[in-house]
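# Chain and residue survey
In case you want the letters, here they are:
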Amino acid sequence: MQTKHYDVIIAGGAAAGSASAYFLTANPDFKGSVLVVEKDFSYQYCATALSAASIRHQFSTPENIAMSQFGTQFLRRFGSVLAVDGQQPDAAFHEGGYLFLASAAGMEVLLENHRTQKALDVDVALLTPGQLATRFPWLNTSDLAAGSLGLSGEGWLDAYGMMQGFRKKAIAQGARYIEDEVVDVQRQGRRITGVTLNDGTALQCGTLINTAGTGGPRLARQAGIALPVESRKRCVFYFQCPTVIAGCPMVIDPSGAYFRPEGQGFICGISPAESNDPECFDFDVEHELFDETLWPLLAARVPAFEAIRCTRSWAGHYDMNTLDHNVIIGAHPDIENLLFANGFSGHGMQQSPAVGRALSELVTYGKFQTLDLSRMGWARILNNNLIIEKNIV
Ligand SMILES: Cc1cc2nc3c(=O)[nH]c(=O)nc-3n(C[C@H](O)[C@H](O)[C@H](O)COP(=O)(O)OP(=O)(O)OC[C@H]3O[C@@H](n4cnc5c(N)ncnc54)[C@H](O)[C@@H]3O)c2cc1C
């Protein structure tokens, strides 16, 4: 039996994988074939479908800012760019803004991030407690020193809708999707020659792309590479509030708790302390997290939240880069044709347009053409030259 060959095989077809398939097949300079292998077409457990689906420009790392700025530009023209047969997909992008709140202890970092962001044209404003109270009368500002408000470009969307938009357009442009799992990777010296699927099929490839999310470390191991990425559980709670909270952005409390509007209510969550954040593969919701931690924090910040009712919740997994909480993008120096996009650590949904475009450039031209993401590659990991993102949510 002849082994089928694809120029590019993408392992994992959610946000990052489907964006890569779209950008590759949209590029007139790329003439090859693309196969996306996705182990679960329901997408019910992938981070993309379970994410809080928000996009911000308020990072401390210039590359993270630039990736999200491109994400916003792309989302603004999402429907027309990804239309198939005249049907425009809708990612329901809502530019509701982010509001990072700081107590006196957080002021230094807030100001430093503000300087970085302003230098990179982020549309952000620092507000005093008085200005915050005027603009958001429902907010308790008594313990705050300042807030940093995104005035445009930031907000939230339908992440599943975004992923499906990429996927459908990629298929219309010639990418093939199959529901199967990459269970083994064949490597000869410095090259990947092919993959084996769960049903036993052997496929050859010119390039393999690892966009397998929390499945990324396993895939890397099959190629002999140790990827410093672990699966970390995050719970999201949906609640309703009897009082109208007008003009609410995505709010990041100094405690780390976040909340934002979602439909008729709100979603919220909080990351655990790093010392209490083990690798985790189950999807059990930690209900006590809402009752014992989040609710008191939310009610202290917005007194009207004293009367909220949590009606829904879910858990998803971050693909956490345990070294510096940033994506690792590109080839490992030991293997030329295995491209990684792993370790998004909770901000990969918004980065998927930029990362998809970047991977398509690496495949087509062998280097980044638009955004220079070389600092986000393997060299920093291997040389311990880490890029610590200070604005982690
Ligand atoms: C609760 C939560 C909140 C979040 N909030 C935000 C947010 O507000 N903003 C933001 O930008 N990001 C957020 N994120 C992070 C974001 O969701 C992820 O970074 C992003 O979706 C990663 O996309 P991905 O395509 O790399 O991975 P995933 O969405 O996890 O997709 C990986 C895919 O690979 C498939 N797969 C795995 N192994 C294999 C294999 N061997 N063969 C074939 N297929 C395989 C899986 O089935 C899956 O569909 C959040 C994540 C969580 C869990």
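Keep in mind that what you see is a predicted model, and the values were worked out from it rather than measured.

Quick notes on the rules
Residues numbered from 1 in each chain as written. Predicted model: local features only at pLDDT ≥ 70, side-chain atom pairs only at ≥ 80, totals over all residues. Heavy atoms only, no water. Buried < 20%, exposed > 50% of the residue type's maximum accessible area, 1.4 Å probe, protein only. Helix = DSSP H or I, 4+ residues; strand = E, 2+ residues; numbered from the N terminus. Pairing = 2+ DSSP bridges. UniProt positions renumbered as here; feature names shortened; annotations may be inferred. Core = buried A, V, L, I, M, F, W, Y, C linked by side-chain atoms within 4.5 Å. Domains from an automatic or database assignment. Buried area = accessible area lost by both parts, 1.4 Å probe. Salt bridge = Lys/Arg side-chain N within 4 Å of Asp/Glu carboxyl O. Polar contact = N/O pair within 3.5 Å; in protein donor to acceptor, adjacent residues only side chain to side chain. Nonpolar A, V, L, I, M, F, W, Y, C, P; charged D, E, K, R; others polar. Phe/Tyr/Trp six-rings, centres within 6.5 Å; stacked < 30°, edge-to-face > 60°. Lys NZ or Arg CZ within 6 Å of the ring centre and 35° of its normal. Axes fitted to C-alpha atoms, helices over the stretch in contact; angles between N-to-C directions. Parallel < 35°, antiparallel > 145°, perpendicular 65-115°, else oblique. Left-handed = near helix turned anticlockwise from the far one by under 90°. Contact = heavy atoms within 4.5 Å. Near = heavy atom within 4 Å. Areas by Shrake-Rupley, 256 points an atom, 1.4 Å probe, with all protein chains shown as cover.

### Re the pairing of strand 14 (residues 258-262)
- Taking burial as the measure, the five residues of strand 14 include four buried ones, the bulk of the element.
- Two strands pair when backbone bridges link them, and strand 13 (residues 250-252) and strand 14 are joined in this way by two bridges, in the antiparallel orientation. By the bridge assignment, Ile 252 is partnered in strand 14 with Tyr 258.
- The loop that links strand 13 with its antiparallel partner strand 14 comprises five residues; one of these, Gly 256, has a positive phi angle of about 100 degrees.

### Structural notes on the UniProt feature "domain: FAD dependent oxidoreductase" (unreviewed entry) in the protein
- Per the UniProt entry, the sites bearing "domain: FAD dependent oxidoreductase" (unreviewed entry) are residues 7-362 in this numbering.
- A helix fraction of 30% and a strand fraction of 29% characterise residues 7-362, whose end C-alpha atoms lie 13 Å from each other.

### Looking at the nonpolar core
- Within the largest apolar cluster, 51 residues are counted, with the highest numbers of intra-cluster contacts made by Val 34 and Met 162.
- The greatest single-element share of this core, amounting to seven residues, is contributed by helix 1 (residues 15-26).
- Judged by nonpolar contacts, the second largest core, of 30 residues, contains Ala 125, Leu 139, Phe 237 and Phe 305.

### Examining the domain arrangement of the protein
- Each assigned domain of the protein is listed with its residue range as follows: domain 1 (4-88 + 158-228 + 323-382) and domain 2 (98-152 + 230-320).
- On a C-alpha basis, the centres of domain 1 and domain 2 stand 29 Å from each other.
- Summing the contributions of domain 1 and of domain 2, the shared interface buries around 2200 Å²; its carbon and sulfur component is 59%.
- Contact with domain 2 buries area across many residues of domain 1, yet Leu 50, Gln 58 and Thr 214 alone supply 28% of it, more than any other trio.
- Viewed at the interface, domain 2 and domain 1 are joined by zero salt bridges.
- Between the two partners, domain 1 and domain 2, sit 10 residue pairs in polar contact (both at pLDDT 80 or more).
- At four residues, the largest contribution of residues to the side of domain 1 that touches domain 2 is made by helix 3 (residues 62-76).
- When the residues that make up the side of domain 1 that touches domain 2 are grouped by side-chain class, the tally is 11 nonpolar, 13 polar and two charged.

### Regarding the packing of aromatic side chains
- Applying the stated criterion across every chain yields a total of 20 aromatic pairs.
- Look at Phe 23 and Phe 166: their rings are 6.2 Å apart centre to centre, the planes differ by 45 degrees, and that puts the pair in the tilted class. Here Phe 23 is found in helix 1, whereas its partner Phe 166 is found in helix 7 (residues 159-172), with 143 residues between them in sequence. The exposure classification of Phe 23 matches that of Phe 166, with both residues buried.
- Ring geometry for Phe 70 versus Phe 74: centroids 6.1 Å apart, planes at 45 degrees, classification tilted. Remark: Phe 74 and Phe 70 occur in helix 3; sequence separation between them is four residues, near one turn of the helix. When sorted by exposure, Phe 70 lands in the same class as Phe 74, which is buried.
- Among the aromatic residues, ring-to-ring pairing joins Tyr 22, Phe 23, Phe 70, Phe 74, Phe 78 and Phe 166 into one connected group.
- Positioned above the aromatic ring of Phe 59, the side-chain terminus of Arg 56 is 3.9 Å from the ring centre.
- Sitting over the face of the ring of Phe 41, Arg 167 holds its NZ or CZ atom 4.5 Å from the ring centroid.

### Digging into the packing of helix 1 against helix 10 (residues 348-365)
- The N-to-C vectors of helix 1 and helix 10 enclose an angle of 50 degrees; their axes lie 7 Å apart at closest approach. Classified by the angle between their axes, helix 1 and helix 10 sit oblique to one another. The two elements helix 1 and helix 10 meet at a crossing, and its hand is right-handed. For the pair helix 1 and helix 10, the contacting residues are Ala 15, Ala 16, Ala 19, Ser 20, Phe 23 and Leu 24 in the first and Ser 352, Pro 353, Gly 356, Arg 357, Leu 359, Ser 360, Val 363 and Thr 364 in the second.

### Details of the site of the ligand
- Near the ligand you find 35 residues, and of these Glu 38, Thr 48, Ser 54, Gly 348 and Gln 350 are the closest.
- At 3.0 Å from an oxygen atom of the ligand is found a main-chain nitrogen or oxygen belonging to Ala 16.
- Ala 53 is positioned such that a nitrogen or oxygen atom in its backbone is 3.3 Å from an oxygen atom of the ligand.
- Its free accessible area being 1000 Å², the ligand has 95% of it covered by the protein chains.
- When contributions to the shell around the ligand are tallied by element, the ones reaching two or more residues are helix 1, strand 2 (34-38), helix 2 (47-50), strand 12 (229-240), strand 16 (309-321) and helix 10.
- Among the residues making up the shell around the ligand, the classes are represented as 16 nonpolar, 13 polar and six charged.
- When we break the shell around the ligand down by domain, the ones giving at least three residues each are domain 1 (4-88 + 158-228 + 323-382) and domain 2 (98-152 + 230-320).

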